[in-house]
Amino acid sequence: LGGNGSNAVTPRFQPGQIAPLQRSETASEIQVVYQHRFTLVDDAETSYQPVCQEKRVVTQKLVPKVGVMLVGLTGNNGSTFVAGILANKHKVSWETRTGTKSPNFFGSFSQSATARVGFKRDEKTGAFSDVHKPISEILPMARPVDFVMGGWDMSGVNMYQACKRAQVLEPTLLDQLKPELERIIPLPAALNPDFIAGNQTDRVDNVLSGTDRELIEQLRSDIRAMKTLVDKVVVLWTANTEKCLKPEIETVEDLQERIREGKALPASVLYCVAAIEEQVLFINGSPQNTFHPAVIEYARQHGSLLAGSDFKSGQTRFKTVMGDFLIGSGIRISACASYNHLGNNDGRNLQDPMCFDSKKNSKSGVLNDAIRSNAILYPEGKDHIDHEVVIKYVPAVGDSKRALDEYTSDIFMNGRNTISSYNVCEDSLLAAPIMIDLVVLGELLSRIKVDGNSLGPLLSYLSFFLKAPDTNQPNYVVNSFTRQRQILTSLLMVAAGIIPDDGTLLFAHF
Ligand code: NAI
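The text that follows walks through the structure, step by step, so that each part is easy to find. (Residues numbered from 1 in each chain as written. Predicted model: local features only at pLDDT ≥ 70, side-chain atom pairs only at ≥ 80, totals over all residues. Heavy atoms only, no water.)

1. Points about the site of the ligand
By nearness alone, 32 residues border the ligand, and Asn-77, Asp-153, Ala-190, Ser-286 and Asn-345 come closest of all. Contact distances for the ligand include 3.0 Å between an oxygen atom and a side-chain N or O atom of Asp-427. Protein contacts shield 99% of the accessible area of the ligand, which totals 840 Å² for the unbound molecule. (Near = heavy atom within 4 Å. Polar contact = N/O pair within 3.5 Å; in protein donor to acceptor, adjacent residues only side chain to side chain. Areas by Shrake-Rupley, 256 points an atom, 1.4 Å probe, with all protein chains shown as cover.)

Laid out in structure tokens, this is it:
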């Protein structure tokens, strides 16, 4: 926007002015040349150099038919994801004791959130107002109701039985979807029971046997079968949290040797390797360290994409909002004590101390960037807080997780401020929309190239949906809710040819 000195706005650029963004479009592509502006600060942090880099962002417009393969298809998240999408697809309404309900996609950023794309000016009054657009309208994106859904589970029950077992959705809804749900049967799973809790054995009745290489080949053949039905496949791990494999696998040679020699890799690594070799996006929704350095390098070599780790649904998302609020206001969080109890199979699995450790690590790092952002509150030597995470298994509450958090902060003149939150929510109803976002936006990001390069191997832009984001710059991880949302939204806007606002509102004031 070019200001002309009054409160009017001249939308076109005057001769001599440089358009910070140029957009063109063909039948197959949206092409954008964008001036990316940021500041470089010197080592002493005293001088600020403005930088402007020209970036060419190209988005393929054709939306493919997407096949989603869930690992953990008949778990609570998997069954809620599938039944929720089918209910939306068929627009099924159902009776409850509080009235008739109809399906929605609330909780999904891609389906139910909007972004502020610019300003509008009332010609008569001269007043400005914001213009918001649904995220799903910014760029061509897949619709969840068009997904072809399938996948694997070590428990062979059909999808109707799985939904009943999960106790998340109402029977009056499930009964209407019963014939379609009953037809969805999980493929036999690749399983290494050493990496999940011993209490899971009573669930196991649908597993493959063979060496690691044979298991990978079978998983690849399953992915290829899905490829015959759709244009693009996405594999999403929503199976049990595994124990972390330590030490990490560093080199591709070591990874390949372990596969050759059948050194019993965790199942998540086998699925991930199969997805990499089939060049399909693999998303890790659990906290274990599936993305070893060797696995990331293997993905790079195959031109494949990865995203992870651990869905950021309730408590952790709230924590990053509290970090923005408190530390962003100049208040020093000194302690954060998080307690959960839940009674679903995830809670049961997390009773194993090693599986719990994976979750604890993933949950514990989320305030790190907020702490590092403020050396006034957190000078060197005091740049840590007391952060505790406890998870207990209480079968009676089922999928309805309880999360109690206490934030203790230091305020003016050494006063103390304590905020407690108590959240009760069906865990899977929070996770399923995030799974939808990861598939819809992961697929979209796989169609975007910047200066001719893909955004991989790690799709860092999906950090908004993940507790412990794996990024292409491992030393640069953003956890802040506000920033993660802004980074993703800004990328989508730039790719669509809309300049993200610099936030100064100068044009409106002068
Ligand atoms: P769940 O225990 O109900 O489902 C997991 C499913 O994976 C089970 O059906 C199990 O039989 C299956 N499975 C285990 N190992 C397998 C393998 N090797 N191959 C194929 N299937 C396998 O758990 P839920 O609640 O669905 O959660 C799934 C994952 O998502 C967990 O790791 C959980 O920590 C993670 N998560 C969940 C969040 C939520 O809000 N629900 C938030 C963040 C992460």
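From this point, the narrative continues.
2. Brief notes about the sheet that holds strand E17 (residues 400-411)
The strands making up a sheet are joined through hydrogen bonds of the backbone, oriented either antiparallel or parallel. Spatial ordering of the open sheet is given by E16-E15-E17-E18, a layout of four strands whose pairing is mixed. Of all strands in the sheet, those bounded by a partner on one side alone are strand E16 (386-393) and strand E18 (415-426). Pairwise comparison of adjacent strand axes, ignoring direction, gives a mean angle of 10° for this sheet. The sheet contact formed by strand E15 (residues 332-342) and E17 spans nine bridges and is antiparallel. Looking at the pairing, Ala-335 lines up with Thr-408 of E17. Against the sheet, helix H13 (residues 427-445) makes contact with E15, E17 and E18, and its axis sits at roughly 85° relative to E18, the strand it touches most. (Pairing = 2+ DSSP bridges. Helix = DSSP H or I, 4+ residues; strand = E, 2+ residues; numbered from the N terminus. Axes fitted to C-alpha atoms, helices over the stretch in contact; angles between N-to-C directions. Contact = heavy atoms within 4.5 Å.)

3. Things to note about the state of the cysteines
According to the stated counting rule, one finds zero disulfides in the structure shown. The cysteine Cys-163 is free of any disulfide, with Cys-425 supplying the nearest cysteine sulfur at 17 Å. Taking relative accessible area as the criterion, Cys-163 reaches 3% and is therefore assigned buried. The closest cysteine sulfur to the non-disulfide-bonded Cys-336 is located on Cys-425, 19 Å from its own sulfur. (Disulfide = S-S within 2.5 Å. Buried < 20%, exposed > 50% of the residue type's maximum accessible area, 1.4 Å probe, protein only.)

4. Details of the packing of aromatic side chains
Here the structure, examined in full by the defined rule, presents 10 aromatic pairs. With centroids separated by 6.3 Å and ring planes inclined at 20°, the aromatic side chains of Phe-81 and Phe-147 adopt a geometry described as stacked. Pair noted here: Phe-81 is in helix H1 (residues 76-89) and Phe-147 is in the loop between strand E10 (128-134) and strand E11 (148-152), with a separation of 66 residues, a long-range link. Phe-147 shares its class with Phe-81; the two are buried. Aromatic side chains Trp-237 and Tyr-271 sit 5.8 Å apart centroid to centroid with 70° between the ring planes, which places their arrangement in the edge-to-face category. Of this pair, Trp-237 sits in strand E12 (residues 232-237) while Tyr-271 sits in helix H7 (residues 267-277), placing them 34 residues apart in sequence. In this structure Tyr-271 comes out as buried when scored by relative accessible area, which is 3%. Through a chain of ring-to-ring contacts, the aromatic side chains of Phe-109, Phe-464, Phe-465 and Phe-481 assemble into a single cluster. Note that Arg-317 overlies the ring of Phe-464, its terminal NZ or CZ placed 4.4 Å from the centroid. (Phe/Tyr/Trp six-rings, centres within 6.5 Å; stacked < 30°, edge-to-face > 60°. Lys NZ or Arg CZ within 6 Å of the ring centre and 35° of its normal.)

5. A word on the environment of Leu-265
You can see Leu-265 is positioned in the loop between helix H6 (252-260) and H7. Leu-265 sits in the buried class, given a relative accessible area of 2%. Separated by 20 residues in sequence, Leu-265 and Leu-245 place their C-alpha atoms 8.3 Å apart. With residues near it in sequence (within four places) discarded, Leu-265 still touches Asn-192, Phe-195, Asp-212, Leu-245, Ile-249, Leu-255, Arg-258, Ile-259 and Leu-270.

6. Remarks on a nonpolar patch on the surface
Together, Tyr-339, Val-390, Leu-404, Tyr-422 and Val-424 give the surface a local cluster of nonpolar side chains, amounting to about 410 Å² of exposed area. With respect to the secondary-structure elements, Leu-404 resides in strand E17. With a relative accessible area of 33%, Leu-404 lands in the partly exposed category. (Patch = residues over 30% accessible without salt bridge, like charges linked within 9 Å, V, L, I, M, F, W, Y side chains within 5 Å. Salt bridge = Lys/Arg side-chain N within 4 Å of Asp/Glu carboxyl O.)

7. Describing H1
For H1, spanning 14 residues, the distance from its first C-alpha to its last is 20 Å, which sits close to the expected 20 Å at 1.5 Å a residue. All buried positions along H1 are accounted for by Asn-76, Asn-77, Gly-78, Ser-79, Thr-80, Phe-81, Val-82, Ala-83, Ile-85, Leu-86, Ala-87 and Asn-88. Lys-91 sits one or two residues past H1 and shows a positive phi near 50°. (Expected span 1.5 Å × (residues − 1).)

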